[in-house]
Amino acid sequence: MRRLYHIARADFLERVRSRRLLVVLAVIAYIGYLVNVGQIELAYQVTDSGTITNYRGVNTAAFVGLKAGLTGSAVVLFGGFYLMKNSLERDRLHNVDQLVASTPVSDWAYLAGKWLSNIALGVVILFTLGFATIANHAIHGVGPTNPVPLLAPLLAFAFPVCLLVGAVSLFFETVKQLNGTLGNISYILLATFSLAALASAQNSLPGAVPLSTKAGDIMGHISIYDLTVDSLLTEVPNYSGGTPSIGTLDGTETFRYDGGSWPVWIYLQRAGLSLPAAVIVLAATVLFDRTPSGKSSESAGWISRLVSVLPFDRGDDAADDEAEPPSTSSLSLTPVKDRNAGSFTRLVAAEVRLALRGHRWWWYVGAIVLAVSPIISLVSAGPSDVEVAPFRNIVLPLAFVWPIFIWSEMGVRTVKNRMTVLVLSSKYAERQLIAEWLAGVVVAMSIGGGTLVLFVSTGQTGLLLGYVSGILFGPSLAIMTGIWSRSSWLFEVVYLMVWYVGPLNRAVPLDFVGATTASIETGVPFLFIGVSLALFGTAVFRRKAEVK
């Protein structure tokens, strides 16, 4: 236990020294403010004769505590993974893994210590949210500010999510195929689909909700539904059922919840989430490859050994390890004789080659299918008979999420390859950034090129605004977040959330590719084009500051 404690303590102290954590905690404190002033509401949506009315709770300490608990669960579920991740990668980067591998510390103790560090980071986030909730309720709340009902929901609803997300982030790091952009994308889809079971609770009062739905309620929606529905029924006796929604919900109708005893099943359900978390950590121990970075080992994980016998490009360094080491002369750089040689076009072409190489075979196949399928349909059916809607609603959104594997490297590739100093000391440091951005735009234009040809050929020129927005927004957001944060996780989280809510679920304010007619009519893509240019300008400003 002493070793486990010191592993967790060392990892946690390394994290709290990061300035990034201060920014995260500032954002969390602001969220706590929004919860108390009513910008983030927990409300029931009551439908009567086709009209939807939002019933929100009065901001008593008991109700604000529930809002804070559910908000904390959402923050940890969707953002905690990306904050907790890279615990093992950090040890590899600083060669700490070599030191750990030479010690008698077991795999279980090492990973359990990392898990505890993940949990401690989650507790810091919840503590910040809890402090902000108490402070803001004292100013903006209704009734006495009692810390117990304000903090208890955070502990009951959000802390079990910390256990689960901390374990999942550790598991993803131990599986090589999930330790990267593919894992980040997979997690956000997994977290989203984990809420799909709530659909079975719609139009049902809590007593009629299936037991399996209650057991799989990760964030605590069903629990809060059970606690507050009686208060709602006093105001809306004919309410037919449905879990409350959380977000920026408008509404003047209210109900009052002053707290009370909680059903026993809520305690059991929340405590039960620790069981799958422990199982996931055990699974991570089985898959964990203790081999220090830069060395091969016959004891590599079973997935790595299985993948190693497959014929396609594995995207790892196994082949390089088996190859003969190159000669020293082949590693020498071409001497620079003329610093004005070359052109900007050649620089862009080099960035495009860097962006496109080294991906898995299925990525190239997917890119070709997305680019070619609209043209094949156009040629087969003819411009007058081809159906544009499927390509607008499905292919277009997919075409502007597929390049995320390339965009996520923008702005951070030089940091990962330790080339930042070399680039900044070159004569054209700003041009390199512009060329990198243009490479991302060129890739997006190519993958979405088929839809462009389809829209022009069928006379749907109004949709071109969404196409332009799509090819600009991703690269601009990627290079801005990359050069400022020095990592790709921020871009992946923000872009995937915008893409999921906007183009995929057709939320008009975020539909930057114009998948809906309403977004084109209201000029949403045009707004995103302006945002994209502002993001790119911010990135260039950062590069200029770095050069100085």
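Given the structure is predicted, the values throughout are model-derived calculations rather than measurements.

Enquirer: Looking at this model, I keep getting lost on a nonpolar patch on the surface. Mind explaining?
Expert: Nonpolar side chains collect at one region of the surface, where Trp361, Val365 and Val369 lie side by side and expose about 280 Å² of accessible area between them. Mapped onto the elements of the fold, Trp361 is located in helix α17 (residues 361-381).

Enquirer: I'm lost on the environment of Arg543 in this one. Help?
Expert: Tracing the backbone through its elements, the reader meets Arg543 in helix α27 (residues 524-547). Between the C-alpha atom of Arg543 and that of Gln432, which follows or precedes it by 111 residues, the distance is 9.7 Å. Apart from the residues within four sequence positions on either side, Arg543 is in contact with Val423, Leu424, Ala429, Glu430, Gln432, Leu433 and Ile483.

Enquirer: Any chance you could explain the side chain of Thr420 here in plain terms?
Expert: When you line up the elements, Thr420 lands in helix α21 (residues 420-424). Owing to a relative accessible area of 18%, Thr420 belongs among the buried residues under this scheme. For Thr420, the side chain forms a polar contact with the main-chain oxygen of Thr414, separated by 3.4 Å. Setting aside its immediate chain neighbours within four residues, Thr420 contacts Thr414 and Val415.

Enquirer: Can you help me understand helix α8 (residues 181-193) in this one?
Expert: The periodicity of an α-helix, 3.6 residues per turn, causes residues three or four places apart in sequence to face the same way. For α8, with 13 residues, the first-to-last C-alpha span of 18 Å sits near the 18 Å given by 1.5 Å per residue. Residues Thr181, Gly183, Asn184, Ile185, Tyr187, Ile188, Ala191 and Thr192 constitute the buried set of α8.

Enquirer: How do you make sense of the pairing of strand β2 (residues 51-57) when you look at a structure like this?
Expert: One face of the sheet, then the other: side chains in a regular strand alternate in exactly this way. Two elements, strand β1 (residues 41-48) and β2, share six bridges in a ladder whose sense is antiparallel. Paired with Tyr44 across the two strands is Tyr55, which belongs to β2. Linking two consecutive strands that pair antiparallel, namely β1 and β2, is a turn of two residues; a positive phi of about 55° is found at Ser49 within it. Here β2 pairs with strand β4 (residues 253-255) via three bridges, running parallel. Its bridge partner being in β4, Tyr55 is matched across the sheet by Glu253.

Enquirer: Could you clarify how one ought to interpret the layout of surface pockets in this entry?
Expert: If a probe as big as a water molecule is rolled over the atoms, it shows which places are left empty. Quantified by volume, the second largest pocket comes out at close to 320 Å³. In terms of lining residues, the second largest pocket is bounded by 14 residues, among which Ala10, Asp91, Val96, Val100 and Lys114 are the most central. For the lining of the second largest pocket, the secondary structure elements donating two or more residues are α1 (2-16), α4 (87-93), α5 (96-101) and α6 (107-140). It is α1 that provides the largest number of residues to the lining of the second largest pocket, a total of four residues. Its residues assigned to classes, the lining of the second largest pocket comprises seven nonpolar, two polar and five charged.

What counts and how
Residues numbered from 1 in each chain as written. Predicted model: local features only at pLDDT ≥ 70, side-chain atom pairs only at ≥ 80, totals over all residues. Heavy atoms only, no water. Patch = residues over 30% accessible without salt bridge, like charges linked within 9 Å, V, L, I, M, F, W, Y side chains within 5 Å. Areas by Shrake-Rupley, 256 points an atom, 1.4 Å probe, with all protein chains shown as cover. Salt bridge = Lys/Arg side-chain N within 4 Å of Asp/Glu carboxyl O. Helix = DSSP H or I, 4+ residues; strand = E, 2+ residues; numbered from the N terminus. Contact = heavy atoms within 4.5 Å. Buried < 20%, exposed > 50% of the residue type's maximum accessible area, 1.4 Å probe, protein only. Polar contact = N/O pair within 3.5 Å; in protein donor to acceptor, adjacent residues only side chain to side chain. Expected span 1.5 Å × (residues − 1). Pairing = 2+ DSSP bridges. 1 Å grid on protein atoms, 1.4 Å probe; cavity = no way out; pocket = protein on both sides within 12 Å on 5 of 7 lines; lining within 4 Å. Points joined across faces, edges and corners; volume = space filled by probe spheres on them. Nonpolar A, V, L, I, M, F, W, Y, C, P; charged D, E, K, R; others polar.

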